Amino acid sequence: MIFVPQHDQMDCGPACLAMISSHYGVNFRLQYLRDKSFITREGVSLLGITEASAKIGFDTVATKLQMNNLDSSLLPCILHWNQNHFVVLYKISKNILTGKLIFKIADPAHGYIALTEEKFKNNWISEGEKGVALFLEPTEEFYKQTSEQETKISVKFLLNYLKPYKKQMLQMLVFLLLGTITTVVLPVLTQKLIDEGVSKKDLSVISYILIAQLAFFVGNIIFNVFRNWIMLIVGTNVNIRIISDFLKKLLQLPIKFFDTKLLGDFSQRIQDHERIESFLTSQSLITLFSALTFIVFFGVLWYYDITILSVYLILTSISITWSLFWMKKRKILDYFRFQQRSENQESIYEIINGVSEMKLNQFEEYNRHKWKEIQKKLLKTNVRILKLDQIQLSGFEFINQLKNIIVTFLAASFVVKGNMTLGELLSVSYIIGQMNSPVNELIQFFRSLQDAKLSLSRLNEVQDHPNEEHENQVPLLSKKYTEQNGIERGIYFKDVSYQYEGPRSPYVLKNINLFIPEGKITAIVGASGSGKSTLMKIFLKFYEPIEGEIFFNHLNSRDISPKDLRKNCGTVMQDGFIFSDTIERNIVAGDEDIDYIKLEKALYTANIKSFVEELPLGLKTKIGAAGNGISGGQKQRILIARAVYKNPQFIFFDEATSALDADNEKIIHDNLQSFFNGKTAVIVAHRLSTVKNADQIVVLKHGEIVEQGSHQELVSRRSDYYNLVKNQLELGN
């Protein structure tokens with residue numbers, strides 16, 4: 001069974017399924033299994049893993065059972081671990097000495113682990129002396145599946161980032177060659193110093209050689225200064241390009257992709273670029289410089305004595321093989337460290353952003369303890385990496401030192417026998433010392449390459465994900481939308497249903513049949529959890545319906561460009577975001593040429609003009625991310641102004657005035673009525689006073705439309721809408 005680490009914090013379920021699939025001979029990409037598992041930001045459920053297993057050809061049985069009912073013949077299986085994680089149990093064996101059971105698991109977050117019966121029980125048993133297990137058996141359909149390997153990143157692909165900097169790289173190569181020449185001359189000068197100067201007691205020769213050594217040394221310093229200068233410029237530009245490519249792709253992905261990721265997963269991926277940049281600009285060039293030095297010294301050592309060279313090469317090959325063996329073991333630990341650093345960043349972000357709520361609810365100690373637990377996990381992983389590094393380094397240094405002693409002994413014996421001069425001995429000793437450095441650099445190069453490929457593969461997970469926009473999609477206001485074909489113009493929902501977590505999960509929306517007339521105001525009301533916000537997100541193409549279709553006149557929403565749709569929509573979402581910028585920029589958003597007439601109208605409509613004029617810097621006042629420094633009502637008014645500034649064809653408001661006081665709400669409500677004139681508006685609201693003048697009101701309950709009509713019609717029916725009004729306004733019978 002191939003071990004598959006989880007790449008992100010919520011990947012344990014798909015990673016377990018990937019391992020079991022590999023055990024039966026078929027490999028799947030982790031992203032493919034993520035999609036099939038209906039993974040969310042909270043992780044994946046056992047139901048989601050079961051659904052994914054069935055889709056790739058497994059027969060599954062999920063059950064609760066006791067320890068003594070675990071059957072070795074049914075392994076490997078997936079276990080629900082510590083009530084919040086999934087692992088693979090792949091073997092149960094007996095300890096030869098004690099006769100006690102040993103349970104061997106593959107934990108996507110920690111690697112292969114062997115546990116005693118007691119420890120296994122503590123982690124697996126949940127309630128009533130039973131634990132949850134998912135048993136999988138491959139069917140014929142499974143073996144028809146074709147293996148899909150994760151994208152392999154080649155060195156050639158990495159070097160593509162250096163193509164725009166060929167001139168600078170050539171300059172660095174010249175400085176490397178010059179530096180190599182100056183380095184190689186030094187042992188020759190050392191030999192001449194002893195054999196021609198010291199041995200013959202010629203002070204003038206000694207003086208000339210020492211001056212030459214100084215000159216070459218100064219030259220080497222100058223070459224390094226220029227090389228490092230170029231390396232800094234190239235490295236910074238490569239850094240920018242890697243992250244820019246990542247962010248560009250990230251912003252092209254559908255909203256649903258972000259629903260499965262935590263902030264720490266993204267920030268840790270962005271930090272990964274440092275390892276890629278280090279490999280491309282510094283480590284690869286240092287290795288190239290070292291390789292050139294090694295080749296030249298190799299030739300010089302060959303000239304001195306082939307026996308010494310042969311011994312050196314044999315022992316060097318052994319030391320490199322030793323290092324590469326331990327590097328393979330280190331690779332898997334890098335995934336664990338990535339994941340734990342991601343958890344760490346998520347925890348810190350939560351502490352900083354939630355400090356007010358923590359103080360209000362005495363949550364400080366719990367969150368601090370939670371952070372300490374993450375640090376302990378990170379420490380354990382770092383200790384494991386350090387142990388491997390120390391084993392690798394200790395063995396490497398021992399073989400190197402042994403090599404130095406043997407070579408020095410051989411050279412000394414040749415001097416004693418008269419086959420080599422004392423100057424040549426010192427030159428050989430110097431060369432051996434200098435050749436050790438390139439070997440060390442080669443090992444560092446392989447480690448840096450491994451790190452860079454792992455980092456780039458994580459960035460590449462984003463690159464491999466399909467974009468939200470497709471080539472065959474058309475603008476919203478295309479001919480098919482604007483043409484008249486005898487139908488009533490507007491938005492049609494036909495049997496639309498939606499689920500968040502797969503076919504067996506609860507319906508958030510079910511069999512929605514709805515017509516939203518063009519140029520009219522439609523209000524959507526209902527209790528919390530009735531599906532109002534989800535319906536709004538489907539309007540905006542954040543999500544695609546699981547079943548059914550949506551038409552904008554004759555145009556199917558699946559054929560509409562999401563970017564163009566949102567361009568024509570003025571939207572205020574329930575969790576609208578305020579950027580860390582000026583009030584003006586928060587309202588005009590990405591508009592480079594600000595239309596101050598439209599801006600003035602937006603400020604008036606949102607009733608925020610007086611608030612802005614009271615500020616010392618007015619519209620240029622900077623406000624914090626997520627609205628720090630402004631009240632909830634002021635934040636909502638800025639969001640409303642942003643939507644009004646666009647002057648769009650469609651208006652979508654989700655609880656746009658929920659944080660406003662009664663006076664401001666009435667003023668803005670009156671202002672919006674004229675703004676809505678001739679536009680298609682959809683308003684989601686809890687406060688029914690804001691929607692009673694809508695052309696039609698749609699009542700949602702448990703994801704279904706239960707009533708539809710005007711305010712007066714719905715009140716007269718004395719049903720769900722009437723009860724909502726009654727409860728909210730405390731009306732009598």
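Residues numbered from 1 in each chain as written. Predicted model: local features only at pLDDT ≥ 70, side-chain atom pairs only at ≥ 80, totals over all residues. Heavy atoms only, no water.

Concerning the overall build of the protein
Thought 1: Per the secondary structure count, the protein includes 25 helices and 18 strands.
Thought 2: Counting only residues that meet the buried cut, the protein has 50% of its 733 residues in that class.
Thought 3: Within the protein, counting contacts between residues at least 6 apart in sequence, those at least 24 apart form 74% of the total.
Thought 4: Counting only carbon and sulfur atoms, one obtains 57% of the accessible surface of the protein, whose full area is about 36,700 Å². (Helix = DSSP H or I, 4+ residues; strand = E, 2+ residues; numbered from the N terminus. Buried < 20%, exposed > 50% of the residue type's maximum accessible area, 1.4 Å probe, protein only. Contact = heavy atoms within 4.5 Å. Areas by Shrake-Rupley, 256 points an atom, 1.4 Å probe, with all protein chains shown as cover.)

Let's talk about the environment of Ile314
Thought 1: Along the chain, the position of Ile314 falls in helix H12 (residues 306-353).
Thought 2: Its relative accessible area of 53% is what places Ile314 among the exposed residues.
Thought 3: As for Ile314 and Lys403, which are separated by 89 residues in sequence, their C-alpha atoms are 9.1 Å apart.

Details of the pattern of salt bridges
Thought 1: Inspection of every chain in the model, using the stated rule, returns 12 salt bridges.
Thought 2: Put simply, Glu129 and Lys121 hold a salt bridge, and the shortest N to O gap is 3.1 Å.
Thought 3: Residue classification places Lys121 among the partly exposed residues on the basis of a relative accessible area of 34%.
Thought 4: The closest approach of N and O atoms between Glu544 and Lys541, which form a salt bridge, is 3.4 Å.
Thought 5: You can call Lys541 buried: its relative accessible area is 6%. (Salt bridge = Lys/Arg side-chain N within 4 Å of Asp/Glu carboxyl O.)

Comments concerning the pairing of strand E4 (residues 101-107)
Thought 1: A large share of E4 lies buried, amounting to five of its seven residues.
Thought 2: By the bridge criterion, six bridges tie strand E3 (residues 85-94) to E4 in an arrangement that is antiparallel. Looking across to E4, one finds that Lys91 is bridged to Lys104.
Thought 3: The turn linking E3 back onto E4 is made up of six residues, and Gly99 within it adopts a positive phi angle of 75 degrees. (Pairing = 2+ DSSP bridges.)

Side note on the sheet that holds strand E6 (residues 131-138)
Thought 1: Spatial strand order, E1-E6-E2-E3-E4-E5: six strands in an open sheet with antiparallel pairing. Pairing within the sheet leaves two strands with one partner each, and these edge strands are strand E1 (58-65) and strand E5 (111-116). With direction set aside, neighbouring strand axes in the sheet form an average angle of 30 degrees.
Thought 2: The pairing of strand E2 (residues 77-81) with E3 spans five bridges and is classified as antiparallel. Residue pairing in the sheet places Trp81 in a bridge with His85 of E3.
Thought 3: Helix-sheet contacts for helix H3 (residues 46-55) involve E1, E2, E3 and E6, and the interaxial angle to E6 is about 5 degrees. (Axes fitted to C-alpha atoms, helices over the stretch in contact; angles between N-to-C directions.)

Focus: the environment of Lys380
Thought 1: The topology assignment puts Lys380 in helix H14 (residues 364-416).
Thought 2: Along the primary structure Lys380 and His110 are separated by 270 residues, whereas in three dimensions their C-alpha atoms are 9.8 Å apart.

A look at the nonpolar core
Thought 1: Ile587, Ile640, Phe653, Leu672, Phe676 and Tyr721 are the most contacted members of the largest nonpolar core, which totals 44 residues.
Thought 2: Examining the composition of this core, we find that seven residues originate from one element, helix H22 (residues 632-645), more than from any other.
Thought 3: Not counting residues up to four positions away in its chain, the partners in contact with Leu672 are Thr605, Ile640, Val644 and Phe653.
Thought 4: Listed in part, the 30 residues of the second largest apolar core include Leu476, Ile491, Met536 and Phe542. (Core = buried A, V, L, I, M, F, W, Y, C linked by side-chain atoms within 4.5 Å.)

Side note on the state of the cysteines
Thought 1: Under the criterion given, the structure shown has zero disulfides.
Thought 2: The thiol sulfur of Cys12 is not disulfide-bonded, and the nearest other cysteine sulfur, from Cys16, lies at 6.2 Å.
Thought 3: A residue is classified by how much of its surface remains accessible, and Cys12, at 7% relative accessible area, is buried. (Disulfide = S-S within 2.5 Å.)

Notes on the packing of aromatic side chains
Thought 1: Tallied over the full model, the rule gives 21 aromatic pairs.
Thought 2: Ring geometry for Phe142 and Tyr143: centres 5.3 Å apart, planes at 80 degrees, overall edge-to-face.
Thought 3: For Phe142, a relative accessible area of 0% translates into the label buried.
Thought 4: According to the relative accessible area criterion, Tyr143 is partly exposed, its value standing at 49%.
Thought 5: Here the aromatic rings of Tyr498 and Tyr543 are separated by 5.3 Å at their centres, their planes lie at 20 degrees, and the arrangement is stacked. Residue Tyr498 is located in strand E7 (residues 490-499), and its partner Tyr543 is located in the loop between helix H17 (532-539) and strand E10 (547-552); the two are separated by 45 residues in the primary sequence.
Thought 6: Among the residues examined, Tyr543 registers a relative accessible area of 5% and is labelled buried.
Thought 7: Within the aromatic cluster, the residues linked to one another by ring pairs are Tyr24, Phe28, Tyr32, Phe58, Phe142 and Tyr143. (Phe/Tyr/Trp six-rings, centres within 6.5 Å; stacked < 30°, edge-to-face > 60°.)

Concerning H3
Thought 1: Buried within H3 are the following residues: Gly48, Ile49, Thr50, Glu51, Ala52 and Ser53.
Thought 2: The positive-phi residue at the C-terminal boundary of H3 is Gly57, with phi of around 105 degrees.

Quick word on unusual backbone geometry
Thought 1: In the segment running from Leu75 into Pro76, the intervening peptide bond is cis, with an omega of 5 degrees.
Thought 2: In this structure, Pro76 sits in the loop between E1 and E2.
Thought 3: The phi dihedral of Ala589 is positive, around 55 degrees, even though this residue is not glycine.
Thought 4: Along the chain, Ala589 turns up in the loop between helix H19 (583-588) and helix H20 (596-605).
Thought 5: With a phi close to 55 degrees, His702 is a non-glycine residue in the positive phi region.
Thought 6: For His702, the location among the structural elements is in the loop between strand E17 (696-701) and strand E18 (704-709).
Thought 7: A residue is classified by how much of its surface remains accessible, and His702, at 66% relative accessible area, is exposed.

Quick look at the packing of H20 against H22
Thought 1: Close contact between H20 and H22 brings their axes to 8 Å; oriented N to C, the two are set at 140 degrees. Here H20 lies oblique to H22, going by the angle between them. When you trace H20 past H22, the crossing you get is right-handed. Here Lys598, Leu599, Ala602 and Thr605 of H20 come into contact with H22, specifically with Ala641, Val644 and Tyr645.
Thought 2: Classifying every residue of the contact of H20 with H22 by side-chain character gives five nonpolar, one polar and one charged. (Parallel < 35°, antiparallel > 145°, perpendicular 65-115°, else oblique. Left-handed = near helix turned anticlockwise from the far one by under 90°. Nonpolar A, V, L, I, M, F, W, Y, C, P; charged D, E, K, R; others polar.)

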